[in-house]
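Letter by letter, the chains look like this.
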Amino acid sequence: CRIHRAEIMRLRGDWPEAEAQALAACEELHDFDRYITAGGYYEIGEIRRRRGDFAAAEEAYRTANELGRDPQPGLALLRLAEGKVDAAVAGITRALQDVQDPLSRLRRLPAQVEIAIAADDLKTARAATEELEHIVDAYKIGDRRAPAFDAIVHFASGQIKLVEGDTQKAARCLRRARDEWQQVGAPYE
């Protein structure tokens with residue numbers, strides 16, 4: 001529960017408290033459940049990456065990996081932030097090859113969009129966005145998509161429209177993504 005609470009705190013922008021919660025959970029669980037502990041270290045890596053503490057983020061991702069949790073997509077996004085575009089592409093490509101579960105792919109595809117754009121590979125970015133759209137549509141309730149899922153799709157679409165030079169459509173997509181993230185209480189996304 002503490003690790004999930006840390007994730008929610010991260011989404012809400014309370015990064016210092018989120019990191020403290022995740023670290024406490026990892027310390028308590030280390031000898032009890034390695035897999036859950038690995039998830040905690042992954043969350044710590046996410047917090048540190050977003051704060052710009054790349055060395056500490058890498059250490060947390062490495063620990064998560066050693067304990068049995070795939071460090072992707074966070075590690076690929078870390079490589080991108082470090083300017084290592086080729087390593088980011090390789091990491092996210094490998095991560096997506098190994099995952100078939102739609103919700104697991106949903107967690108990785110936004111990173112592929114961001115990394116593909118940085119690598120000037122709009123074909124891959126568009127394909128990832130299209131796959132995101134299909135996955136999100138598959139999880140509709142009636143005719144409504146979950147706001148967080150919708151925000152992911154709108155943000156990816158906005159990124160692509162911006163690179164394509166369609167600033168009006170990009171702004172529309174990005175505003176929708178912002179509004180949907182705010183609706184679910186994750187304004188920093």
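Quantities reported herein were computed from a predicted structural model and do not represent experimental measurements.

Draft legend 1. How the structure looks around the side chain of Q159. Turning to its location among the elements, Q159 is positioned in helix α9 (residues 147-164). Residue class for Q159 comes out buried when judged on its relative accessible area of 15%. Ignoring sequence-local partners within four residues, the contact set of Q159 consists of V113, E114, I117 and L174.

Draft legend 2. Structural detail: the side chain of T129. In this fold, T129 is placed in helix α8 (residues 122-138). If sequence neighbours within four positions are ignored, T129 has contacts with V113, A156, S157 and I160.

Draft legend 3. Summary view of the packing of aromatic side chains. Under the definition given, this model contains 3 aromatic pairs. Aromatic side chains Y139 and F149 sit 6.4 Å apart centroid to centroid with 85° between the ring planes, which places their arrangement in the edge-to-face category. Taken as a pair, Y139 in the loop between α8 and α9 and F149 in helix α9 lie far apart in primary sequence, 10 residues in all. Under the relative-accessibility criterion, Y139 is labelled partly exposed at 35%. The ring of Y42 is capped by R69, whose NZ or CZ atom sits 3.6 Å from the centre of that ring.

Draft legend 4. Layout of the confidence of the model for the chain. Across the chain, the average pLDDT comes to 94, with 100% of residues at or above 70. Least confident of the elements in the chain is helix α1 (residues 2-12), whose mean pLDDT is 90; most confident is helix α5 (residues 74-81), at 98.

Draft legend 5. Summary view of the layout of surface pockets. Computed from the structure, the largest pocket encloses a volume of approximately 1500 Å³. What lines the largest pocket is a set of 48 residues, and nearest its centre among them are E7, R10, E46, R50 and R107. Mapped by element, the contributors of at least two residues to the lining of the largest pocket are α1, α2 (15-29), α3 (34-51), α7 (102-118) and α9. Counting residues per element, the lining of the largest pocket draws most heavily on α7, which supplies 9 residues.

Draft legend 6. Examining α5 more closely. For α5, the tally of buried residues reaches 7 of 8 residues, placing the bulk of the element in the interior. The positive-phi residue at the C-terminal boundary of α5 is G83, with phi of around 85°.

Draft legend 7. Highlighting the nonpolar core. Ranked by internal contacts, the top residues of the largest apolar core, which has 28 residues, are I92, L109, V113, I115, I117, A125 and L132. Within the residue set of this core, elements represented by two or more residues are α5, α6 (85-97), α7, α8 and α9. The greatest single-element share of this core, amounting to 7 residues, is contributed by α7. Ignoring sequence-local partners within four residues, the contact set of I92 consists of P73, A76, R108, A111, Q112 and I115. Judged by nonpolar contacts, the second largest core, of 17 residues, contains A18, A38, Y42 and I47.

Draft legend 8. Up close: the packing of α2 against α3. Relative orientation of the contacting elements α2 and α3 amounts to 155°, with a least axis distance of 9 Å. Classified by the angle between their axes, α2 and α3 sit roughly antiparallel to one another. Here α2 runs over α3; the crossing is left-handed. Contacts from W15, P16, A18, E19, A22, L23, C26 and L29 of α2 reach α3 at I36, T37, G40, Y41, I44, I47, R48, R50 and R51. Of the residues in the contact of α2 with α3, the class split is 11 nonpolar, 2 polar and 4 charged.

Draft legend 9. Seen up close, α7. Compared with the 24 Å implied by 1.5 Å per residue over 17 residues, the 24 Å span of α7 between its first and last C-alpha is a close match. The largest bend in α7 comes to about 35°, at R108, with the proline P110 one to four residues further on. Within α7 the residues assigned to the buried category are R105, L106, R108, L109, A111, Q112, V113, I115, A116 and I117. Positioned one or two residues after α7, D120 has a phi angle of 55°, which is positive.

Conventions adopted
- Residues numbered from 1 in each chain as written.
- Predicted model: local features only at pLDDT ≥ 70, side-chain atom pairs only at ≥ 80, totals over all residues.
- Heavy atoms only, no water.
- Helix = DSSP H or I, 4+ residues; strand = E, 2+ residues; numbered from the N terminus.
- Buried < 20%, exposed > 50% of the residue type's maximum accessible area, 1.4 Å probe, protein only.
- Contact = heavy atoms within 4.5 Å.
- Phe/Tyr/Trp six-rings, centres within 6.5 Å; stacked < 30°, edge-to-face > 60°.
- Lys NZ or Arg CZ within 6 Å of the ring centre and 35° of its normal.
- pLDDT = per-residue confidence, 0-100.
- 1 Å grid on protein atoms, 1.4 Å probe; cavity = no way out; pocket = protein on both sides within 12 Å on 5 of 7 lines; lining within 4 Å.
- Points joined across faces, edges and corners; volume = space filled by probe spheres on them.
- Core = buried A, V, L, I, M, F, W, Y, C linked by side-chain atoms within 4.5 Å.
- Axes fitted to C-alpha atoms, helices over the stretch in contact; angles between N-to-C directions.
- Parallel < 35°, antiparallel > 145°, perpendicular 65-115°, else oblique.
- Left-handed = near helix turned anticlockwise from the far one by under 90°.
- Nonpolar A, V, L, I, M, F, W, Y, C, P; charged D, E, K, R; others polar.
- Expected span 1.5 Å × (residues − 1).
- Bend = angle between axes of the 7 residues up to and from the residue.

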